[in-house]
Amino acid sequence: MARTDTKQIDFGVDGMSCGACVARVEKGLAKVEGVRDARVNLATGRARVDFDAGANDVGALFEAVENAGYTPIADTLEFGVRGMTCGGCVARIEKRLGALDGVIRATVNLTTERARVEYLAGVVDRDAIFERVTATGYTPVELDADETATEDDTGDADEAGRLKRAVLFAAAFTIPLFAIAMAPMVPGVASAMHGLMPERAWKGLELLLVLPVLFWAGRRFYTQGWAELRHAAPGMNSLVMIGSNAAFFYSLAAFTVPKLFPSDTANTYFDAAGMIVTLILLGRYLEALARGRTSQAVRGLMQLQARTARVRRDGDWQAVSVDAVVVDDVVSVRPGERVPVDGQVVSGESYVDESMISGEPVPVEKTAGAEVVGGTVNQSGHLEIRATSVGGDTVLAQIIRMVEEAQAEKPAIQAIADRIAGVFVPIVMAIAVATFVAWLILGPSPALALAFVAAVSVLLIACPCAMGLATPTAIMVGTGRGAAMGVLFRRGTAIEQLAGVNTVVFDKTGTLTEGAPALTELEPVADFDRDTVLRRIAAVEALSEHPVGAAIVAAARDAGHDLLAATDFAVHTGEGVEAEVEGRRVQIGAARYMQRLGIDTAALDARADSLARAARTPLFAAIDGRLAALVAVADPARNEARDTIDALHDLGLDVAMLTGDNEATARAVADELGIDRVMAGVMPDAKADEIRRLQRDHARVAFVGDGINDAPALTRADVGVAVGSGTDIAIESGDVVLMRADLAGVVNAIALARRTMSTIRMNFGWAYGYNVLLIPLAAGVFYPWTGWLLSPALAAAAMSLSSVFVLTNSLRLRRFAPTLAPRASASTRRGGPANADGPEAPAVRDAA
């Protein structure tokens, strides 16, 4: 039992396999400040920690487990948050949730109006989290499965609709209000107006016109502004409420009891109060429209999901909801229909448009045994598919979840901005008070009126909205554009990290190369016919399981040869194979095999050495004891590999290759592709060490691999880029996942990440530069030299425009064009085979 001055938490730990794992986790936890005792149970896979009651850094415990090489398990709660208007709101909610006992990490996204909280279920629960959000002055909203799918679709549209109605209502009163206030400035108009009614009557009409604008159209600023002030968390609504009401009540007092004011200061600003509310509502409306566009990528992906499926049940075809389909159900897909689930073709032939997965516009042929992905479109024939993945396990569902999680995550640059925004509004209020006092003491006559105008303008010009929107809008649009291009960012922080890399390291086999050997040369000696030799050695290799043999058999079939029968097959491990074909003894293998057989290879030795230096694997074929041909196989480079390397060089990046091949073979591939650095002879379990070595040399590394045996290197790199294709995509392997097995995606991912970060920096440059320049202008700092003094209405307009600028600037990312156009390669459609452990393309044949 825990002591009274300590508290105890219990959480899961994944990845432990032995007592040494337990010891490492316990040792890591014991180092965390405040920990009194740490006990880890291998059988249950859980850790129990006693630590000081005053400590509240549960995240440090999780970080210690992660640093030990294991995965701490926490629950995750995602919910909507209503009432946020700026980065200050985000910072306050995150700070209050982060201080809640048992909360590990809280991330709030202003653009999506979502919160994601990682917490320990035994310490804190959903109700406590919701209560903390409510106590902070905002409204938590539960998201069930249906709401999660449709929230972005309807939420922004509903809010935009409400704002549109409020803007139209406010404009109906503000336009005549503005006309009445401004008309006297036109020569001759003032006398005409006074002929109709006295000036005081016109001021009374302005008062009547501003009341519905302020207290009906602008009532949201009161409800949200008072909530912010009540919770000692002033935000943008507070600034608008104070600024507009200062203009209104100052004007009301000047209108009703003008004698209370010094000479020439009893001015009215009813028009400014109305304009403030109307212009900010207009800015909010434009902002809601733009924010809706930022989530179009996810909505587009959701629309690819089929709603119903035709399933064979009890011998009959039944139309059911796609949610009712279970694994092993047989689903009928007619021409023109979307495939409802991931599965395998049982019967039928057709072409399927897989562009939503691969980006490849050419339909892919599907026959019995082929895999299909939910959301793709069946084009020509009828297919029957056995479901292998349904619901949230489908590739499309995982893509949607991945994009949403990336959009919700906060890069470091935004975390800093939110902290600044959290203290920005109180600072602005202090500046406004200081401005009022300074003008009142130092300003020329009428000092009170000038002090009031300057103070209200300061309140309205400040814009933490733009700061809060600078990053999430760009991340949302960037990740959405990436998804449309087949580049999936699993984490929002991956964009920031990928934009900063200076070195790209490629795995070789299956990444830079096709991943399967192919016959590249067959050079017969005199008196032997090439086709005859090919047919006979293919007959022998057809009985072998070695990848080199498969390459020879594939070449024979591609040449239109039928496989001959072979008998008396024998394997000479590490040397070669032999068999009887058409009454002839056929032997294929390395030079040492020929030497053991006593066959002279001198005539072809020089050529064999040349092929070996060119990254080929040379073999010799003998028929009836006579040297018949030199055979060479190689794992060919992808069609797009050279263009990709050149494009990365154009981006100013160093390119390296990591491979299990020997130095000579690896160097030949590197020279062919223009790679700068080669790390050869590296086994899969040592790849992470090579990445670490580069990082110690101040390299910021992106590692590109197939996501299977490269997991340690993908994890160790600053950014792991997993190259997938179709349904065999390694979703969990990298920070960035390329849906197509096309290396052009690496270039496009880096270019998109750089463009996104450039957009974010431009947004921040505007947001901060705007405030740095315009707050002094609004405060009247330049008045003594220029006579410039901003009116509250213009300040409100400028504030609204700053947010709109940030949003529209982010939306430009939707027009991002791929830097390097994808090129089809042999493995683009179906995907190359997985990388094998050990050396990646043996320079000599190790086994027949």
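Below, the structure is looked at part by part. (Residues numbered from 1 in each chain as written. Predicted model: local features only at pLDDT ≥ 70, side-chain atom pairs only at ≥ 80, totals over all residues. Heavy atoms only, no water.)

Turning next to the overall build of the chain. Across its full length, the chain holds 29 helices and 30 strands. Counting only residues that meet the buried cut, the chain has 54% of its 848 residues in that class. Carbon and sulfur atoms form 55% of the exposed surface of the chain, whose accessible area is close to 35,200 Å². (Helix = DSSP H or I, 4+ residues; strand = E, 2+ residues; numbered from the N terminus. Buried < 20%, exposed > 50% of the residue type's maximum accessible area, 1.4 Å probe, protein only. Areas by Shrake-Rupley, 256 points an atom, 1.4 Å probe, with all protein chains shown as cover.)

What follows is about the nonpolar core. Counting 86 residues, the largest nonpolar core has Phe-79, Met-84, Ile-129 and Leu-281 as the members making the most contacts within it. With sequence-adjacent residues up to four places away left out, Met-84 is seen in contact with Cys-89, Val-90, Ile-93, Val-108, Asn-109, Leu-110, Glu-113 and Tyr-138. (Core = buried A, V, L, I, M, F, W, Y, C linked by side-chain atoms within 4.5 Å. Contact = heavy atoms within 4.5 Å.)

For Gly-369, the location among the structural elements is in the loop between β14 (364–366) and β15 (371–372). As for Gly-369 and Ser-347, which are separated by 22 residues in sequence, their C-alpha atoms are 8.2 Å apart. Sequence-distant contacts of Gly-369, defined by excluding residues within four places in its chain, comprise Gln-344 and Val-345.

What follows concerns the sheet that holds strand β28 (residues 701–705). Here we have seven strands laid out as an open sheet, ordered β18-β30-β29-β28-β19-β26-β27, and mixed in their pairing. Each having just a single partner strand, β18 (487–489) and β27 (677–679) make up the two edges of the open sheet. Going from strand to strand, the sheet's axes swing by 20° on average, the running direction of each strand aside. Running over the sheet, helix α24 (residues 663–673) touches β26 (654–658) and β27 and is turned about 150° from β27. Strands β18, β19 (503–507), β28 and β30 (736–738) of the sheet are contacted by helix α27 (residues 744–779), whose axis makes an angle of about 50° with β18. (Pairing = 2+ DSSP bridges. Axes fitted to C-alpha atoms, helices over the stretch in contact; angles between N-to-C directions.)

With phi around 75°, Asp-527 is a residue other than glycine that occupies positive phi space. Topologically, Asp-527 is positioned in the loop between β20 (518–524) and α19 (530–541). Phi at His-698 is positive, roughly 70°, even though this residue is not glycine. Among the residues examined, His-698 registers a relative accessible area of 69% and is labelled exposed.

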